[in-house]
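In case you want the letters, here they are:
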Amino acid sequence: MGNKVVVRSGASKELTPQALALLKASSSLSEEEIIDLHAAFWNDFPSGRMDKHGFVKYYEEIKDENDKTNVLCDHVFAVFDRDHDGTIDFYEFLIAVAAGSPGDLDSHLNYVFEMCDVSGDGQMDLHELAAFLKASLTIAGKSDKANKNYPKELAIGVFNTLGVGEGEKLNKEQFIQGCKKDPDLRELFGGGH
C-alpha cells in the first residue's frame, strides 16, 4: 500500500519529486519553501481541502500590504477554486501563493489574466476585467467614489485598445501580447514601461 493517503480527486499527502519539480518550475518559491508550505497545509487541512475561511487566514500573511480590507481575497479565492466547490487543494493553494510574485513580464501578465478570468474559461469578458480593476483601484486607493462606473469605463478602454468589442471576450494571448505592445497597458497592469 505504501505511505500515500489519497484524499480526493487524486490529491495526496505525498509530495512527489515530480510534483515538487513542477511547483518549483511554475513559481518563484524554493524547494524548502514548497516543502514547508506543504507540511503546514496538510497540518491545518488534513482533508486535503482548504475552505474560504482557511484561505483568509493564509491570505492575511501573503496579501499586498495595501489591501487593508482584503478586497481581493474573494476574487483570489474564486480564481483558484477552479471547480467552484468552495474549497481549494494544496496545488491550487500553492499556485495562488506562488503566482503573487511572478518574475518576468509574461509571467506577470499571465497572472493578471488568470486573476481576471474568474470563470476559468480561458477568456476574459468585460465584466471580469471591470471587477478586477475595481478591486485593484480600491487597494491602490485610487477608486473614484464619485464615479462608480470608472472601472467599467477603464475596462472598455482596455478592450478598445486591444481591438476587442465590448460584447466579445479576450483570450490570454491577445491580452499578453496587447499589453506588451502598449506602454499604458503595461503600466496599468503593473508590468512597468
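In case you missed it, the structure is sitting above this.
Residues numbered from 1 in each chain as written. Predicted model: local features only at pLDDT ≥ 70, side-chain atom pairs only at ≥ 80, totals over all residues. Heavy atoms only, no water.

*Asks:* Would you mind showing me how to read the environment of Ser-47 here?
*Replies:* By secondary structure assignment, the location of Ser-47 is in the loop between helix 2 (31–44) and strand 1 (50–51). Of the residues examined, Ser-47 reaches a relative accessible area of 42% and is grouped as partly exposed. Between the C-alpha atoms of Ser-47 and Asp-89, which are 42 residues apart in sequence, the distance is 9.2 Å. Reaching out from Ser-47, the side chain makes a polar contact with the backbone nitrogen of Arg-49 at a distance of 3.3 Å. (Helix = DSSP H or I, 4+ residues; strand = E, 2+ residues; numbered from the N terminus. Buried < 20%, exposed > 50% of the residue type's maximum accessible area, 1.4 Å probe, protein only. Polar contact = N/O pair within 3.5 Å; in protein donor to acceptor, adjacent residues only side chain to side chain.)

*Asks:* Sorry, what's going on with the side chain of Glu-128 here?
*Replies:* With respect to the secondary-structure elements, Glu-128 resides in helix 7 (residues 126–139). Look at Glu-128: it is buried, it has no salt bridge, and the nearest opposite charge is Lys-169 at 5.7 Å. A distance of 2.9 Å separates a polar side-chain atom of Glu-128 from the backbone nitrogen of Ser-119. The residues touching Glu-128, leaving out its near neighbours within four places in the chain, are Cys-116, Asp-117, Val-118, Ser-119 and Gln-123. (Lys, Arg positive; Asp, Glu negative; His and termini not counted. Salt bridge = Lys/Arg side-chain N within 4 Å of Asp/Glu carboxyl O. Contact = heavy atoms within 4.5 Å.)

*Asks:* Just to check I follow, could you spell out the packing of helix 4 (residues 73–80) against helix 6 (residues 105–116) for this structure?
*Replies:* Angle between the axes and distance between the axes: these two values describe a pair of packed helices. At a minimum axis distance of 8 Å, the contact between helix 4 and helix 6 shows a crossing angle of 95°. Judged by the angle between their axes, helix 4 and helix 6 are roughly perpendicular. Facing His-75, Val-76, Val-79 and Phe-80 of helix 4, the residues of helix 6 in contact are Glu-114, Met-115 and Cys-116. (Axes fitted to C-alpha atoms, helices over the stretch in contact; angles between N-to-C directions. Parallel < 35°, antiparallel > 145°, perpendicular 65-115°, else oblique.)

*Asks:* Before we go on, may I ask you to explain the pattern of salt bridges in this structure?
*Replies:* Once their charged atoms are close, side chains differing in charge can pair, the charge on each being opposite to the other. Tallied over the entire structure, the rule returns five salt bridges. Ionic pairing is found between Glu-114 and Lys-172, a salt bridge with its closest N-O pair at 2.6 Å. One end of the pair, Glu-114, is in helix 6; the other, Lys-172, is in helix 9 (residues 172–181), with 58 residues separating them in the sequence. Classification of Glu-114 as buried rests on a relative accessible area of 18%. A salt bridge links Lys-169 to Asp-121; the nearest nitrogen and oxygen atoms lie 2.6 Å apart. Taken as a pair, Lys-169 in the loop between helix 8 (150–161) and strand 4 (170–171) and Asp-121 in the loop between helix 6 and strand 3 (123–124) lie far apart in primary sequence, 48 residues in all. According to the relative accessible area criterion, Lys-169 is partly exposed, its value standing at 36%. By relative accessible area, Asp-121 is classed as partly exposed at 36%.

*Asks:* Teacher, can you tell me more about the side chain of Thr-87 here?
*Replies:* Within the fold, Thr-87 resides in strand 2 (residues 87–88). Here Arg-49 takes part through its side chain, which lies 2.9 Å from a polar atom of the side chain of Thr-87.

*Asks:* Quick question: what am I supposed to make of the state of the cysteines here?
*Replies:* Where two cysteines share a covalent bond between their sulfur atoms, that bond is called a disulfide. By the definition in use, this model includes zero disulfides. Looking at Cys-116, it has no disulfide partner, and the nearest cysteine sulfur is the one in Cys-179, 9.1 Å off. Among the residues examined, Cys-179 registers a relative accessible area of 0% and is labelled buried. (Disulfide = S-S within 2.5 Å.)

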